[in-house]
Amino acid sequence: MIKIKKVALFTPLLFVLFSSCKTESKDQKQVVNYAEELHSYAQPNKSVIKHLNLDITVNFEDQVIDGVATYTIDNNKASEIILDSKFLDIVKVEADGKITEYELGEVNEQLGQPLTIHITEDTKTISVYYKTTNKTEALQWLSPQQTADKTHPFLFTQGQAILTRTWIPIQDSPQIRITYDATVRVPKELMAVMSAENPKTKTVDGVYSFKMEQPISPYLIALAVGDIEYKAVSERTGVYAEKSMIDKAHYEFSDMEKMVVAAENLYGDYDWDQFDVIVLPPSFPFGGMENPRLTFATPTVIAGDRSLTSLIAHELAHSWSGNLVTNATWNDFWLNEGFTVYFEIRIMEALYGKDRANMIALIGRQDLDDEIESFKNEPNRTKLKLDLKGKNPDDGMNSIAYDKGYLFLRTLEETVGRDKFDAFLKDYFKTHAFSTITTEKFIDYINTNLLEPNKVTFNTEEWIYQPGIPSNQAIISSDKFANAEKVLKQFLSNDTIDASITKDWTTLEWVHFIRNFPDTMTTEDMARIDKAFDLSNATNSHIAMVWYEQAINKDYHGNNVDQNIEDFLIRVGRRWYVNTLFKAFKNNDKIDEAIAIYEKSRGNYHSVTASTIDELLGL
Ligand code: BES
Ligand code: ZN
């Protein structure tokens, strides 16, 4: 007998703070400490998933995934197991192959619904038969027109932070780690890839099998389906992309293997065997997403000159900080992103030298200053350790975690010295491999393993728990940026522009030059610079984005820039870019223009971008 009953909305804060419990396995008792979890209904101390077997069919006609998720569970004599789900159509549930009762709670706008499944103390597996719906937020179904080749549809998922539950019923907390295998059925003309061991060619029947043998957090389960092919860069690195993009992607990311080698030399072996990147259609809402073994990337990083590849270094770095050692909760998000930015910049330094590394760090430093300014009325949001109670984890996903996190680690490195810091970090990754870490555990660890043995005092707690930036911050400088600022002044004080001065500039110098336009700059100045460098038609997405932002700020309309901004916003769904430009419209009282464009572009955006812009524009 199946009973589906609506249960009343109850508080979602269900993991007990550091509840210590004994997980009984046949041979021994294991103590598991879970940190307080604000964003999952799961109660892993009662019964927790260990392995997922996913068996699904991807139906492009109806835009539905349907199938069954079977979990092997670690059952602590529980009478129920609670999964997270959101807007899923639950068909039936089994415990050890027999139909069992379940309750699906009411929908909480952010967290979704608890799916409470009745089990007995002997239950070893549960199976949930389900279908996704048209409200499934993780998925973006693209028409052929929205892809690079324009011939076949495409589908990709985005799990971080709490969207995996929208396409798979699961205990969706970063503190939970599972292995998985999957069978995925797709139309014969398409290939499926996951954050797992992947195919390199299409199968004849469109049936694909996957295995992820290292335990990962649920937000890292990912799937992409499209008419894609694979091209190896080295034995363990390579790219997936549509036909018209594959050679460009291969050229752009030709240093992938060198990046992996540099990363391994810094902080220990790459534990995931393969490191591939899939270049997705332009609506992908992030620059990159570190899905294990297969980073998902925006095509906007394909600049043709390998100038934006620090993004690959960033996603690769997550193979250590994030995927191997994972933030226990979204309040500890800075442990994922701050470490990753630090590691990214170290990889870039190892490959291309200190100049480039410092320019990347300084761009981040400027982002940090801008973010702190934007939070001037909410200083608590500038703390590294967050308090996301009642909030969507997305609220914490700003420059503070990334760039203040970076600055903290760089300051620490400069205080203790690089050799000691590197040895410490290598050890940190090794000690915590395949586990999760809270900010508090990290502070203990740093005290015991870095500061005390080296007799260093450091204001760690101020950096982590106080707003703003402590005064012992590392000072980052770049001669190349100083020069770009000088050139800018010169251009603004002279009538003529000597374009040859900039001939050796890299993308980073252009970005810095443009972002530093003073308030006094006029539309005539914009026009002169545009005439000399044709920035309104820049093909490098980062340069274009910062130029467009200035065009909106300075009310500049020359050289087809308005049309280019509109086309860009319609084609590209990368949230950071889109949000920057819509924010510029809003801050300059151009909300009508923003809404007119958004009416045309919204349909192309993934739900995470659309919901950010809906909120920004008050829709
Ligand atoms: N893991 C993030 C993307 C993310 C963060 C997705 C939070 C969902 C919630 C990824 O590693 C990232 O930081 N991407 C950046 C790349 C950049 C910092 C090089 C991006 O998308 O812009
Ligand atoms: Zn990241």
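Residues numbered from 1 in each chain as written. Chains lettered and ligands numbered in written order. Predicted model: local features only at pLDDT ≥ 70, side-chain atom pairs only at ≥ 80, totals over all residues. Heavy atoms only, no water.

Enquirer: Mind showing me how you'd approach the packing of helix α5 (residues 354–374) against helix α6 (residues 399–416) here?
Expert: Each packed pair of helices is defined by two parameters, the angle between the axes and the distance between the axes. Running from N to C, α5 and α6 point in directions that differ by 125°, and their axes come no closer than 9 Å. In this view, α5 runs oblique relative to α6, as classed from their interaxial angle. Remark: the crossing between α5 and α6 carries left-handed chirality. Taking contact as the criterion, the partners of Asn-358, Ala-361, Gly-364, Arg-365, Asp-367, Leu-368, Glu-371 and Ile-372 in α5 are, on α6, Ser-399, Ile-400, Asp-403, Lys-404, Tyr-406, Leu-407 and Arg-410. By residue class, the composition of the contact of α5 with α6 is six nonpolar, three polar and six charged. (Axes fitted to C-alpha atoms, helices over the stretch in contact; angles between N-to-C directions. Helix = DSSP H or I, 4+ residues; strand = E, 2+ residues; numbered from the N terminus. Parallel < 35°, antiparallel > 145°, perpendicular 65-115°, else oblique. Left-handed = near helix turned anticlockwise from the far one by under 90°. Contact = heavy atoms within 4.5 Å. Nonpolar A, V, L, I, M, F, W, Y, C, P; charged D, E, K, R; others polar.)

Enquirer: I tried to follow the side chain of Asn-564 on my own but got confused; where do I start?
Expert: Position of Asn-564 among the secondary structure elements: in helix α14 (residues 561–571). With relative accessibility at 13%, the residue Asn-564 sits in the buried group. Here the side chain of Asn-564 touches Ser-536 through a polar contact of 2.7 Å, landing on its backbone oxygen. Those residues in contact with Asn-564 that sit more than four places away from it in its chain are Ser-536, Asn-537, Tyr-548 and Asn-559. (Buried < 20%, exposed > 50% of the residue type's maximum accessible area, 1.4 Å probe, protein only. Polar contact = N/O pair within 3.5 Å; in protein donor to acceptor, adjacent residues only side chain to side chain.)

Enquirer: I'm lost on the environment of Ser-478 in this one. Help?
Expert: Secondary-structure assignment places Ser-478 in the loop between α9 (460–465) and α10 (479–493). According to the relative accessible area criterion, Ser-478 is buried, its value standing at 12%. C-alpha separation for the pair Ser-478 and Thr-57, spaced 421 residues apart in sequence, amounts to 52 Å. A distance of 3.0 Å separates the side chain of Ser-478 from the backbone nitrogen of Phe-481, its partner in a polar contact.

Enquirer: Looking at this model, I keep getting lost on the pairing of strand β12 (residues 154–157). Mind explaining?
Expert: Side-chain direction in a regular strand flips from residue to residue, so the side chains alternate between the two faces of the sheet. Along β12, one buried face is formed by Phe-154 and Phe-156 and the opposite face, lined by Leu-155 and Thr-157, is buried too. In this structure, strand β11 (residues 139–142) lies alongside β12, joined through four bridges in antiparallel fashion. By the bridge assignment, Trp-141 is partnered in β12 with Leu-155. Here β12 runs beside strand β16 (residues 223–226); their pairing, made up of two bridges, is antiparallel. Note on β16: the bridge partner recorded for Leu-155 is Val-225. (Pairing = 2+ DSSP bridges.)

Enquirer: What's the story with α6 in this structure? I'm lost.
Expert: One full turn of an α-helix is made of 3.6 residues, so residues set three or four places apart face in the same direction. For α6, built from 18 residues, the straight-helix expectation of 26 Å at 1.5 Å per residue is met to within 8% by its first-to-last C-alpha distance of 25 Å. For α6, the buried fraction is high: 15 of the 18 residues fall into the buried class. Among the residues trailing α6, Gly-417 stands out with phi positive, at a value near 100°. (Expected span 1.5 Å × (residues − 1).)

Enquirer: What exactly am I supposed to notice about the coordination of the zinc ion (ligand 2) here?
Expert: Coordination angles at a metal have ideal targets, namely 109.5 degrees for four tetrahedral donors and 90 or 180 degrees for six octahedral donors. Looking at the zinc ion (ligand 2), the protein donor atoms are His-314 (NE2), His-318 (NE2), Glu-337 (OE) and Glu-337 (OE), and they sit 2.0 to 2.7 Å from it. Around the zinc ion (ligand 2) sit six donor atoms, and with donor-metal-donor angles ranging over 52 to 158° the site reads as irregular. Counting along the primary sequence, the residues that act as donors to the zinc ion (ligand 2) give the motif H-x3-H-x18-E. A residue pair is termed long-range when its members are at least 10 positions apart, and His-318 in the loop between α3 (310–317) and β22 (325–327) and Glu-337 in helix α4 (residues 333–352) qualify at 19 residues. Taking the relative accessible area as the measure of exposure, His-318 reaches 0% and is therefore buried. (Donors = N, O, S within 2.8 Å, 3.2 Å for Na, K, Ca; no water. Tetrahedral: all angles 85-135°; square planar, octahedral: opposite > 155°, others 65-115°.)

Enquirer: Hey, could you run me through the sheet that holds strand β19 (residues 275–279) in this one?
Expert: Backbone hydrogen bonds hold the strands of a sheet together, and the pairing may be parallel or antiparallel. Across the sheet, five strands lie side by side as β17-β18-β19-β21-β20; this open sheet has mixed pairing. Every other strand in the sheet has two partners, leaving β17 (228–232) and β20 (288–289) as the edge strands with one partner each. Contacting β17, β18 (237–242) and β19, helix α1 (residues 243–252) runs over the sheet at an angle of about 150° to β18.

Enquirer: Any chance you could explain the pairing of β19 here in plain terms?
Expert: When you tally the buried positions in β19, you get five out of five residues, the bulk of the element. The side-chain alternation of β19 yields two buried faces, one formed by Phe-275, Val-277 and Val-279 and the other by Asp-276 and Ile-278. Summarising the sheet, β18 and β19 pair through four bridges and their orientation is parallel. What sits directly across from Tyr-240, in β19, is Ile-278. Direction of pairing for β19 relative to strand β21 (residues 294–297): parallel, over a ladder of four bridges. Bridge pairing in β21 places Val-277 opposite Thr-295.

Enquirer: Before we go on, may I ask you to explain unusual backbone geometry in this structure?
Expert: Leave glycine aside and you will find that most residues have negative phi; peptide bonds, for their part, are mostly trans. With an omega of 0°, the peptide bond running from Gln-160 to Ala-161 counts as cis. Tracing the backbone through its elements, the reader meets Ala-161 in the loop between β12 and β13 (178–185). Even without being glycine, Lys-150 reaches a positive phi, approximately 65°. With a phi close to 60°, Arg-306 is a non-glycine residue in the positive phi region. With respect to the element layout, Arg-306 can be found in the loop between β21 and α3.

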